[in-house]
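Coordinate inspection notes
Here is what each chain is made of, one letter per residue.
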Amino acid sequence: MRMNKLAGGQLEVSALCLGSMLWGSTNTEADGHAQIDMSLDHGINFIDSAEMYPVNPIKAERCGRSEQIIGSWIAKSGRRDDVVIATKVSGDNPGWKRDGKGYDGAIIREAVDDSLTKLNTDYIDIYQTHWPIRGSYAFRQNWTFDPSAQNKAEIEAHMRDVLGAMAEVVAAGKVRHFGLSNESAWGTAQWLRIAREMGAPEVISIQNEYSLMHRLADTDLAELCVNEDVGVLSFSPLATGLLTGKYQGNAVPKGSRMDLSPGLGGRATARAFEAVDAYLEVAKKHGLDPVHMALAFVVSRPFMGSTIFGASSMEQLARVLDGRNLTLSDEVMKDIDTAHRAHPMPF
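An account of the accompanying structure is given in this report.

Rules and cut-offs
- Residues numbered from 1 in each chain as written.
- Predicted model: local features only at pLDDT ≥ 70, side-chain atom pairs only at ≥ 80, totals over all residues.
- Heavy atoms only, no water.
- Pairing = 2+ DSSP bridges.
- Helix = DSSP H or I, 4+ residues; strand = E, 2+ residues; numbered from the N terminus.
- Axes fitted to C-alpha atoms, helices over the stretch in contact; angles between N-to-C directions.
- Salt bridge = Lys/Arg side-chain N within 4 Å of Asp/Glu carboxyl O.
- Buried < 20%, exposed > 50% of the residue type's maximum accessible area, 1.4 Å probe, protein only.
- Core = buried A, V, L, I, M, F, W, Y, C linked by side-chain atoms within 4.5 Å.
- Contact = heavy atoms within 4.5 Å.
- Patch = residues over 30% accessible without salt bridge, like charges linked within 9 Å, V, L, I, M, F, W, Y side chains within 5 Å.
- Areas by Shrake-Rupley, 256 points an atom, 1.4 Å probe, with all protein chains shown as cover.
- Right-handed = clockwise from strand over helix to strand, strands pointing away.
- Phe/Tyr/Trp six-rings, centres within 6.5 Å; stacked < 30°, edge-to-face > 60°.
- Lys NZ or Arg CZ within 6 Å of the ring centre and 35° of its normal.
- Disulfide = S-S within 2.5 Å.

Let us look at the sheet that holds strand 8 (residues 203-207). Pairing is parallel in the closed barrel, where 8 strands are placed in the order 3-4-5-6-7-8-9-10. Averaged over all adjacent pairs, the angle separating strand axes in this sheet is 30°, with direction ignored. Inspection of the sheet shows strand 3 (residues 16-19) paired to strand 10 (residues 304-309) by 3 bridges, in the parallel sense. The residue of strand 10 that forms the bridge with Leu-18 is Phe-309.

Evaluated as defined, the whole model comprises 23 salt bridges. Salt-bridge contacts for Lys-174 lead to Asp-113; the nearest nitrogen and oxygen are separated by 2.9 Å. Linking Lys-174 in the loop between helix 4 (152-171) and strand 7 (175-181) with Asp-113 in helix 3 (residues 105-119), this pair joins segments that are 61 residues apart in sequence. Relative accessible area serves as the criterion here: at 28%, Lys-174 is assigned to the partly exposed category. Of the residues examined, Asp-113 reaches a relative accessible area of 33% and is grouped as partly exposed. One connected set of salt bridges, linked through shared partners, spans Glu-156, Arg-160, Arg-193 and Glu-197.

Next up on the list: the nonpolar core. Counting 86 residues, the largest nonpolar core has Ile-108, Tyr-127, Met-213, Leu-242, Tyr-279, Met-293 and Ile-336 as its most contacted members. Ranked by the residues each element gives to this core, the list is headed by helix 9 (residues 290-300), at 8 residues. When sequence neighbours within four positions are dropped, the list of residues in contact with Met-213 reads Ala-239, Leu-242, Leu-243, Ala-272, Ala-275, Val-276, Tyr-279, Met-345, Pro-346 and Phe-347. Listed in part, the 12 residues of the second largest apolar core include Ala-7, Ala-86, Leu-233 and Ile-308.

A few words on a nonpolar patch on the surface. Nonpolar side chains collect at one region of the surface, where Trp-143, Leu-216 and Met-345 lie side by side and expose about 290 Å² of accessible area between them. With respect to the helices, strands and loops of the structure, Met-345 is situated in the segment after helix 11 (330-342). With a relative accessible area of 37%, Met-345 lands in the partly exposed category.

Bringing the pairing of strand 3 into the picture now. Burial along strand 3 is two-sided: Leu-16 and Leu-18 facing one way and Cys-17 and Gly-19 facing the other are all buried. As defined by bridge partners, strand 3 adjoins strand 4 (residues 46-48) across 2 bridges and the pair is classed as parallel. Note on strand 4: the bridge partner recorded for Leu-18 is Ile-47. Of the crossover connections in this fold, the one passing from strand 3 over helix 1 (residues 29-41) to the parallel strand 4 is right-handed.

Turning our eyes to something else, we now look at the pairing of strand 2 (residues 11-14). Summarising the sheet, strand 1 (residues 3-6) and strand 2 pair through 4 bridges and their orientation is antiparallel. Paired with Met-3 across the bridge in strand 2 is Ser-14. Linking strand 1 back to strand 2 in an antiparallel pair, the connection comprises 4 residues, with Ala-7 at a positive phi of about 55°.

Right, let's talk about the packing of aromatic side chains for a bit. One pass over the full model with this rule turns up 6 aromatic pairs. Geometrically, the ring pair formed by Tyr-137 and Phe-145 is edge-to-face, given 5.3 Å between the ring centres and 80° between the ring planes. With centroids separated by 5.5 Å and ring planes inclined at 85°, the aromatic side chains of Tyr-210 and Phe-303 adopt a geometry described as edge-to-face. Here the residue Tyr-210 occupies a position in the loop between strand 8 and helix 6 (220-228), and Phe-303 occupies one in the loop between helix 9 and strand 10, the gap between them amounting to 93 residues. Taken together, Tyr-210, Phe-297 and Phe-303 form an aromatic cluster joined through their ring pairs. Sitting over the face of the ring of Tyr-123, Arg-80 holds its NZ or CZ atom 4.0 Å from the ring centroid.

In this section: the state of the cysteines. Scanning all chains against the criterion turns up 0 disulfides. Distance from the sulfur of Cys-63, which forms no disulfide, to the nearest cysteine sulfur (Cys-17) is 20 Å. Free cysteine: Cys-225, not disulfide-bonded; nearest cysteine sulfur from Cys-17 at 16 Å. Here Cys-225 falls in the buried class, since its relative accessible area comes to 3%.

These figures capture arrangement, not role.
Right, dumping it as structure tokens:
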């Protein structure tokens, strides 16, 4: 398994990261433990979670269950030092966590302690804000994004408050590194600027959606990440299952994500299925499993820190792991570029 360095080499993480957002809903505790064990056996040392998980669907009474499953695995295995663990504090939300309040410095301090308890650990390797409080263009909001109502002074005050709390939890040894999620290039630059002014922890990673079909990170964010040593942790690298091809021809497998969440959060558009056809043709032409091709493409990007995937079954996990060391040829990359130019931003 390829390994990548984050935080100037302070953290070494596998190029693939095991996502936990289905543990406690689609997957049982035993499933989660089995997935961690199998992933470790194949070179993956990185697990991502969040205080709001599991999803499919999100329910207030289940928030934190995914972290608890990781925590029970740590208690059972005693292998805390063998894994890098990332988790997140929730942003403002419809009410399934802290009545939708979001996060500030005081909430960061409280939420870190709560996650430490659930994870059954003394420290979190990367603690991330799940999305910006000021608003975000993630999750298909880019089509109507309008930042004109943002108050720059309020945004900076909020960032300073959060960074002050992050400095405290890092100094206390509760958190090793600070990361973002669903952020923009401008937002990430502000977090970095203010942290440097304050002497607070600098952002080392940004967890944003990225796949063959969702490439908003390719320009401004990529430039920032390469030059400021911030690794992208991509989520939904298979476009919530679209790139497997299992939804082509109007198919909706029982128990699949589309079965549980029709529309796939706005991803299941007519143009999306046309794009999937194009990528399936590239994979077929070169004799590749489309899952392996899609993941290998994301892993290959020069700004990528790690690529987060989830599995609803051990069979799905085994399929991903079978392609963990794939490197795409120049010919495959050329055909992917052709498909991308023909089908840009399909959702």
